[in-house]
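Results of the structural survey
Single-letter residue listing:
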Amino acid sequence: MTVLKESQRRTLHVLAYMMLRMGQNERAGRLYAALAHLAPEGNPDRLALAGTAAVAIGEGNGAKALEALRGAMGGATLSSRKAVLHLMKAQALWLEGRREEARAALDEYFFLSGGGKNA
């Protein structure tokens, strides 16, 4: 398997983010998928998985977003900086019609971001 240098990985992350911001979801999705695939065994590229989830949410694919978010959120302590993953989870759950779970994820987002439960 190809191993990316840290500078290469950072550059591809920036490029993928730029593609996402420019509305080129398909290209961004391919870059994020490649980054996730090239991550070292046992050390997932959580940023690439979060990007994959963002692309899926943009495409209205809640199930794919939830799958990527499981990897992005799994096994790591989430800081308030990463609270946005809970917001993305709420969006993905909403897309899947899972309203109660979406509300719970949104409440968790508000809690972690310092907004309080009813912000």
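Our subject is the structure listed above.
Heads up: these notes are all about the structure in this document. Source: prediction; values computed, not measured. (Residues numbered from 1 in each chain as written. Predicted model: local features only at pLDDT ≥ 70, side-chain atom pairs only at ≥ 80, totals over all residues. Heavy atoms only, no water.)

1. Thoughts on the overall build of the protein
To be explicit about the condition: Elements are defined by DSSP. Helices are runs of H or I of four residues or more, strands are runs of E of two residues or more, and each kind is numbered from the N terminus. Note on classification: 1.4 Å probe, protein chains only; a residue is buried when its accessible area is under 20% of the maximum for its type, exposed when over 50%, partly exposed between these limits. Should any heavy atoms of two residues lie within 4.5 Å, those residues are counted as being in contact. In this description, accessible areas are obtained by the Shrake-Rupley approach with a 1.4 Å probe, and a residue is regarded as covered only by the protein chains that are shown.
Looking only at helices and strands, the protein features 6 helices and 0 strands. Scored against the burial criterion, the 119 residues of the protein give a buried share of 34%. Expressed as a percentage of contacts within the protein between residues at least 6 apart in sequence, the contacts between residues at least 24 apart total 44%. Surface exposure of the protein reaches about 7,500 Å², of which carbon and sulfur atoms provide 54%.

2. What about the nonpolar core?
Stated precisely, the cut-off is as follows: Grouping buried Ala, Val, Leu, Ile, Met, Phe, Trp, Tyr and Cys residues that are joined through side-chain atoms within 4.5 Å yields what is termed a nonpolar core.
Ranked by internal contacts, the top residues of the largest apolar core, which has 18 residues, are Ala53, Ala65, Leu69, Leu85 and Met88. Elements that contribute at least two residues to this core include exactly helix 3 (46-58), helix 4 (62-73), helix 5 (84-95) and helix 6 (99-113). When residues no more than four places from it in sequence are discounted, the contact partners of Met88 are Ala50, Ala53, Ala54, Ile57 and Leu69. Counting 9 residues, the second-largest nonpolar core is a separate cluster that includes Leu4, Ala16, Leu31 and Val55.

3. A closer look at the side chain of Thr52
Tracing the sequence through the fold places Thr52 in helix 3. Its relative accessible area of 15% is what places Thr52 among the buried residues. Those residues within four positions of Thr52 in sequence are excluded, and the remaining contacts are Tyr32, Ala33, Lys64 and Ala68.

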